[in-house]
Amino acid sequence: MALQKCGLNLNRASKELQPHGSIEFPCAGYSSHHTERTEEIIPWHWHEEIEIISIEQGQMMLKTPLTSFFLSEGELAVINSNILHYAEAASECTLHSLVFSPTLITGNSDSAFAKKYIRPLLSCNSFSGYQIDSADRQMVSDWFNRAFEAHTNDRCGFEFTVRENLSHICFYLFEKFEPQIDTKSPLLNQANIRIRKMLDYIHQNFSDNISLEDISGAADISERECLRCFKKTLQISPIQYLLKYRVMKGAEMLLADPASSISETATYCGFDSPSNFTKIFKRFYSCTPRQYRNINSSSSFA
């Protein structure tokens, strides 16, 4: 099966809409190269599938609510189903990833695989993301590489090889987290839910004049708790995140609608003036909106 194009299509709640694989075989493979440029950051998003990431070259910072991993060449991490996550290259990196539905392993919700292993693992509050231990890295890397290569080569029967090796990884994770599966720890779920609610509000209302009170109200928490939640989880304040999101939406509009003026783009993104939009845009992209449009329009025709 050919590698899919690595690009995020998110709804306003940051849920990824892009299908990973197909109904017949719900697994997709990705290979991508990232730099520290703003447009190459993998923004906060979530999906119902499990994701396994392997760093082929360079380094990357991977984050979930309450957890951060610094991954170097040869290291792997796993993101649980329905967990917000974000990634950015430390200078630059190349990664391989497999994103797959739990049903690829379980077959159906009544199977022993689902009831005894996968469902308890997915519902484990301690498992948002996991960086593979150095002692186990070679073993898990071998499983991942066999699955990734089989998926990429698309030879007859590759589905069996992919499922077998991903099953090994899932059972490995189950054994790692089994002692914590029955532990009641709602903190992770609470943080994940709160952040998703507030990001959802920002993404739906970024064009409007929204305040810290509005953002915190979306999750029914105080402004002080909102600030703490953003700082602890995203390492950025709510207003800084709002500005960054507005600028990223502006960058998208500049390329998607070449006929739009800088003033129209600024208004669409919630800025009070084109000059303020340009000032904030330059802070993130190291160039003006006009220069950004010209550079990227030229490169698209090169």
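The rules we used
Residues numbered from 1 in each chain as written. Predicted model: local features only at pLDDT ≥ 70, side-chain atom pairs only at ≥ 80, totals over all residues. Heavy atoms only, no water. Helix = DSSP H or I, 4+ residues; strand = E, 2+ residues; numbered from the N terminus. Buried < 20%, exposed > 50% of the residue type's maximum accessible area, 1.4 Å probe, protein only. Areas by Shrake-Rupley, 256 points an atom, 1.4 Å probe, with all protein chains shown as cover. Core = buried A, V, L, I, M, F, W, Y, C linked by side-chain atoms within 4.5 Å. Contact = heavy atoms within 4.5 Å.

Asks: Requested: an account of the overall build of the protein, with residues and values cited.
Replies: Assigned secondary structure in the protein consists of eleven helices and seven strands. Within the protein, buried positions represent 48% of all 302 residues. Only carbon and sulfur atoms are counted for the fraction: they give 50% of the accessible area of the protein, which is about 15000 Å².

Asks: Tell me about the nonpolar core, residues and numbers included.
Replies: Of all hydrophobic cores here, the largest spans 32 residues; its most connected members are C27, I52, F100, F127, L166, I169 and L173. Those elements that provide at least two residues to this core are β3 (50–64), β5 (76–79), β6 (85–100), α1 (103–106), α2 (112–122), α3 (137–153) and α4 (158–177). Ignoring any residue separated from it by four or fewer positions in sequence, one finds I169 in contact with I52, V140, W143 and F144. Among the nonpolar cores identified, the runner-up in size contains 23 residues, and I215, F230, L234 and I236 belong to it.

Asks: Which residues make up unusual backbone geometry, and what values go with them?
Replies: Even without being glycine, S91 reaches a positive phi, approximately 80°. Mapped onto the elements, S91 comes out in strand β6. The partly exposed category is assigned to S91, whose relative accessible area is 44%.

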